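Now for the letters of each chain:
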Amino acid sequence: MARAWCTPSRFGFTLAVAGLFSMAFFLQVRLLASYDYLPGISLLFLPHGIRVLAVLIGRGLAVPGLFLGSLAVAWSLDGVLTASEWGFAAVSALAPYVALRLVERIGGISLSIQLSIPRLFLFVLVSALCNALGHVVLFALEGSLNRALGGHAWLSMGLGDIGGGALCIGLVWVALKTIRHWVFEAKTPESQVLTVVGWVERIGVTAGLVLIAFSAVSLLDDTGFSPILVWSTGPLWVLILASWYYRGAGLVGWMLGVLSVSPSWLSGGDVLLAFAVCGAVMGALALRAEALWSVEGLKLRGRIMRHGLVVTLLFATVYGVGGFFVEFASDWVRAITVMGFTGILGLGLVVWPFLCLTDRVAGRS
């Protein structure tokens, strides 16, 4: 029995969970620091999403990995592991598993067998409450309960775990829906008949991908690349693929996604609004050009690349001309050149390999 708990697959799962938890904490510090109430206590705590997902996938097997991940984070912050930090790590690792068993006891069925949206969010809520309650008990044992309650740290922790769990589940949902629609979808975009739910789903997926693209860009702020190369290319790829696969729903999702990012990322709200509208208009014009300039016999992959080329060139032109009136008055031609070159380079290095991979996975020629 002892050897059964030490199989390579279980050991690998433990290390994977610990690594993902540590990575989520790094992203928390890098991207969501503005939501922090105290170190490790945030109004939007992404690592709790890893706890929730790990327990849903591995159940009790996720506990050791979450425990090791919590200890690794504590060590990275303080360089030493105190008795309190060992206790907090144990509570953080056990709370989601305890919550899972409670929710299954309430519902009378295992979440591994039948998982629904209400049960999922109930699990996120109960796990957040269990984690906050466990930390309050530890605060009481170490004599700092009054400070914790007076500063509302436990309340911030509970709300942050709920928000972080929902955020992480949302990211996984966006990823799964993107794979399903952009890789395995059998119908061509022109033949899709969407319900209201389908429209909402596609709008949400596109908006989520735009937010992910901008968040990924912010991780590259210190690389020294040109700002045009850094913050425009990723969202532009999303615009190309979303406008092609989702048509109107993709354009709406693009606008909502761009308008949801921080205005400081694009030099103010006016520029943000112009960026959102410009992208939607360019995507619509590219779709119109596809309808008017159809080439018989051209494979789907080639049609998507041609669509991307039109979007890129239109976007680069509008960006450069707009820059002539805003901030690149003396060098707007260079702005068009850099944006166009960057977009075309991205088409070749990112979009084309993605399309080749999806064709291979889906078995299309």
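Computed from a prediction, not measured in an experiment: that's the story for all the values here.

A.B. asks: Give a detailed account of the packing of aromatic side chains, specifying residues and quantitative values.
C.D. replies: Following the criterion strictly, the structure yields three aromatic pairs and no others. Taken together, a centroid distance of 5.8 Å and an interplanar angle of 50° make the contact between F67 and W86 tilted. Taken together, the residues span a long stretch of sequence, with F67 in helix 3 (residues 62-78) and W86 in helix 4 (residues 83-107) at a distance of 19 residues. Judged by its relative accessible area of 23%, F67 falls in the partly exposed class. Each ring, one from W182 and one from Y245, has its centre 5.4 Å from the other, and the planes form 15°; the classification is stacked. Residue W182 is located in helix 7 (residues 153-184), and its partner Y245 is located in helix 9 (residues 227-246); the two are separated by 63 residues in the primary sequence.

A.B. asks: Outline helix 4, supporting the account with residue identities and numerical values.
C.D. replies: Along its 25 residues, helix 4 runs 36 Å from first to last C-alpha, staying within 8% of the 36 Å computed at 1.5 Å per residue. Among all positions in helix 4, only E85, F88, A89, V91, S92, A93, A95, P96, A99, L100, V103 and E104 are buried. Following helix 4 by one or two positions, G108 adopts a phi angle in the positive range, close to 75°.

A.B. asks: Requested: an account of the pattern of salt bridges, with residues and values cited.
C.D. replies: In total, this model carries three salt bridges according to the counting rule given. A salt bridge links K177 to E201; the nearest nitrogen and oxygen atoms lie 2.9 Å apart. Remark: E201 occurs in helix 8 (residues 196-218) and K177 occurs in helix 7; sequence separation between them is 24 residues. For K177, a relative accessible area of 16% translates into the label buried. On the basis of relative accessible area, E201 is assigned to the buried category, the value being 15%.

Thresholds applied
Residues numbered from 1 in each chain as written. Predicted model: local features only at pLDDT ≥ 70, side-chain atom pairs only at ≥ 80, totals over all residues. Heavy atoms only, no water. Phe/Tyr/Trp six-rings, centres within 6.5 Å; stacked < 30°, edge-to-face > 60°. Helix = DSSP H or I, 4+ residues; strand = E, 2+ residues; numbered from the N terminus. Buried < 20%, exposed > 50% of the residue type's maximum accessible area, 1.4 Å probe, protein only. Expected span 1.5 Å × (residues − 1). Salt bridge = Lys/Arg side-chain N within 4 Å of Asp/Glu carboxyl O.

Remember, this is a structural readout, not a statement about activity or role.
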